[in-house]
Amino acid sequence: MSDTSKKKNKKKVIIKVLVIFLVAMGLLTFFSNTIMNMTLTQVSTQQVYGATLSSISRSSGMVHANVEQQVKAPSDLKIAGVNVYLYQEVEAGDVLAVLDVPEERTDLEEARKALEEAEKQMEYDNRKPSENSDFYDMEMAVYDARKAVDEAKKNLENAKNKDTLIAQTKSDISTLEGQITSLKKESEVLSNKQEEAEGQRSMAYENLAMYQETYDAANATLSSATAQRDQAQSALDTANANLAACISDPADPNFSQETLDACNQAVVDAQEVLNTASSEVESAQSEVDAAKKDLDSAQAAYDSADATVASYISQITDKENAVAAKETELQNKQTDLEGYEGLPTTADAERTLKDAQHTLTASEKSLNDARINAGISSDQEKDAKDEKEKELEKLRDQVKKLEEQYGVTEVVAPISGSVIAINVDRNSQCMKDDVLFVIADMNSGFYMECPVSKNEAANMYIGCEVKADYCDSAYVESMRPDPMDPMNSVILRVALEAQYIQPGASTISCTIATSNRSYENVVPKGAVQEDSEGKFIYILVTKNSPLGERYIAKKVPVKVIAEDATSCAIEGAGVSFAYCIIRTEKPIQNGEQVRLAQGEAN
């Protein structure tokens, strides 16, 4: 076969293979897109876009008045009759119920008698003298025992050093005796010097007395001369006055030359007398000054002699005191010597110390035990007194309670309003503080409390308008966590304005429209599913293959951040602008291949 023929045959084979391959691929594609595709779950999708949500919350609650007053039982009592009916309008002070008050009050009389006896017994107990807690004798015994221990320790130490102590004490005694002898000799020398100084002081005193007399005489002379000078000065003043009164004008008819000359001569004579008296005063003053100088010198000499005597007396006193101190010290040393010489043996001293320590331990234990027992007795007495006071207070409360119980015959309305609860009827037995009636002030306004989810409450605010049945207007007055489920629920207090509602009897349904808000990712509510791991959606993932495009359902966890009646705002990885599966003809699984509904294109 030629090469050309071979090439033609080979080309035909290739063409046949290609035709067969194309036919097979066409058949497979047709089978994949028709018969196999029909077995896949059909889904509908919607691309995730942003949108605005506007939700409406619905709830309901019981109507209450803003002012509701409970009427409680003042004490344990029995109801004789109820004077009102449910929802009756009453005024403050109206009788709500009549109480059954028994005529016999034996329990009150018995309680009063028991209280009187308890108070009398308490008064007797308070008058009793307190238990003696004087530990003086025991404390003195401990004090004496400690002194005995200290003395025994000292004796033991001395007994161990007996010979040394005796020798040292004898040496101290000899030294003290020598010191005393020396001090006495020094005192005798000082006594002799004191006698000499006293003689000099006597001579100085005599000189002082002599100069004092001279000084006093000079002062007397000075005083006399001064008086004469003053008298002469007075005479001169009189003569000058007479001269001034004389007529000195010769033309005056009454002028007399003789009289004028006599006045002038009287002035001259008075001046001479004054000059003589002044000279005598100066002379007397000089004598006084000289006498004062001599007197001061004599006084200084006497003071010096007296100081010398006082010094010797002080030194002699010091010596005598020193001798007395040394003699006392000597006497003590002699006493110590006698004690040291009479010291016991070391063994006897040790035994004495042990006995003293045992006595001290026993004394301290006795004192401590006595104090503990006294404290226990005091505590027991206090506990008993406290118990009696508690019992007394209990009796007082019982008497007060019975007196209040028998003193109240009616239950009256504390405020005006509507009776919205009656918890008693005729012949009912009630305990203290039981709620008998509830009265609502119809003029105080109304409210209701209703629960909503925490997500719903996130878009609400104080003052938010509420549409409530039978009400003219309503708004959110406050919000607080629900005590039954504080993590997920909120209690709304809604203020109400209405004419025809009854607190405690009317249940009001309300609708709250929350404000609009835009979110980035919003899907239909049906697209959000939930399992044990939380909420999720399925998104459509497209994969290319030789047989065409394949669509896979991928599970994506999401968080719902808001919702309204039809849609949910979500957060999740990769959800923005993805195609979310919103409907399926049957349940699907993560990673499952699906087909699009007819007419949809991805």
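Just so we're clear, the structure is a prediction, and the values are computed from it rather than from any experiment. Sequence order as written defines residue numbering, which begins from 1 separately in each chain. Local features in this predicted model are restricted to residues whose pLDDT is 70 or higher, and side-chain atom pairs enter the listing and the counts only when it is 80 or higher, whereas totals over whole chains, interfaces and linings include all residues. Each side-chain value is derived from all of the structure's non-hydrogen atoms; neither hydrogens nor water enter the calculation.

## Section: the pairing of strand β7 (residues 95-99)
So the rule is basically this: Two strands pair if DSSP finds at least two bridges between them. Each helix is a run of H or I in the DSSP string that is no shorter than four residues. Each strand is a run of E no shorter than two, and both are numbered from the N terminus.
Pairing of strand β5 (residues 77-82) with β7, which is carried by 3 bridges, proceeds in the antiparallel orientation. The residue of β7 that forms the bridge with Val-82 is Ala-97. Looking at chain direction, β7 and strand β8 (residues 410-412) are connected through 3 bridges and run antiparallel. Bridging across to β8, Val-98 finds its partner in Glu-410.

## Things to note about the packing of aromatic side chains
Put simply, the rule reads: Within 6.5 Å between ring centres, the rings of Phe, Tyr and Trp (the latter by its six-membered ring) count as paired, and their orientation is classed by plane angle as stacked under 30 degrees, edge-to-face over 60, tilted in between. Buried residues are those whose accessible area, probed at 1.4 Å on protein chains only, stays under 20% of the maximum for their type, while exposed residues exceed 50% and partly exposed ones sit between those limits.
As enumerated under the stated definition, the model contains 3 aromatic pairs in all. Aromatic pair Tyr-49 and Phe-577: ring centres 5.9 Å apart, planes at 75°, arrangement edge-to-face. With Tyr-49 in strand β2 (residues 49-53) and Phe-577 in the loop between β22 (567-571) and β23 (579-584), this pair connects stretches of sequence that are 528 residues apart. Its relative accessible area of 55% is what places Phe-577 among the exposed residues. Residues Phe-536 and Tyr-538 carry aromatic rings whose centres are separated by 5.5 Å and whose planes lie at 85° to one another, so their mutual orientation is edge-to-face.

## Things to note about the side chain of Ser-428
The following threshold applies: Any N or O atom pair separated by 3.5 Å or less is treated as a polar contact, with the protein-specific requirement of one donor-capable and one acceptor-capable atom, and with residues adjacent in sequence counted only for side-chain atom pairs. Whether two residues are in contact is decided by their heavy atoms, any of which lying within 4.5 Å being enough.
Relative to the helices and strands, Ser-428 is located in the loop between β9 (417-422) and β10 (429-430). Within polar-contact distance, the side chain of Ser-428 engages the side chain of Asp-425 at 2.5 Å. Apart from residues no more than four positions distant in its own chain, Ser-428 is found in contact with Leu-77, Lys-78 and Ile-79.

## Quick look at the sheet that holds β7
Whether parallel or antiparallel, the strands of a sheet pair through hydrogen bonds between backbone atoms. In space, the 4 strands of this open sheet follow the order β8-β7-β5-β10, with antiparallel pairing throughout. Looking at strand neighbours, the two that pair on one side only are β8 and β10, the edges of this open sheet.

## Here we look at the packing of helix α4 (residues 162-245) against helix α5 (residues 257-341)
Stated formally: Axis lines are fitted to C-alpha atoms, over the contacting stretch for helices. Their N-to-C directions set the angle, which ranges from 0 to 180 degrees. Oblique is the label for any angle not under 35 degrees, not over 145, and not in the 65 to 115 range, which are roughly parallel, roughly antiparallel and roughly perpendicular in turn. Three residue categories are used. Nonpolar comprises Ala, Val, Leu, Ile, Met, Phe, Trp, Tyr, Cys and Pro, charged comprises Asp, Glu, Lys and Arg, and polar comprises the others, including Gly.
Here α4 crosses α5 at 170°, and the two axes come no closer than 3 Å. Here α5 runs roughly antiparallel to α4, going by the angle between their axes. Here the residues of the contact of α4 with α5 are counted per class, giving 47 nonpolar, 24 polar and 23 charged.

## Section: the sheet that holds strand β17 (residues 517-524)
The antiparallel open sheet is built from 4 strands, whose spatial order is β2-β17-β22-β21. The two strands at the open ends of the sheet, each matched to only one other strand, are β2 and β21 (559-563). When the angles between neighbouring strand axes are averaged without regard to direction, this sheet yields 60°. Where β2 meets β17, 4 bridges bridge the pair, whose relative direction is antiparallel. Bridged to Ala-51 within β17 is Tyr-519.

## A look at the confidence of the model for the chain
Selection criterion: pLDDT: the predictor's confidence for each residue, scored from 0 to 100.
Residues at a pLDDT of 70 or more form 89% of the chain, whose mean pLDDT is 84. No element of the chain has a lower mean pLDDT than helix α1 (residues 3-36), at 63, and none a higher one than strand β11 (residues 435-440), at 93.

## Observations regarding unusual backbone geometry
Of all residues except glycine, most have a negative phi; of all peptide bonds, most are trans. Although it is not a glycine, Asn-427 adopts a positive phi angle of roughly 70°. Within the secondary structure layout, Asn-427 lies in the loop between β9 and β10. Phi is positive for Asp-433, close to 70°, though the residue is something other than glycine. Assignment of secondary structure puts Asp-433 in the loop between β10 and β11.

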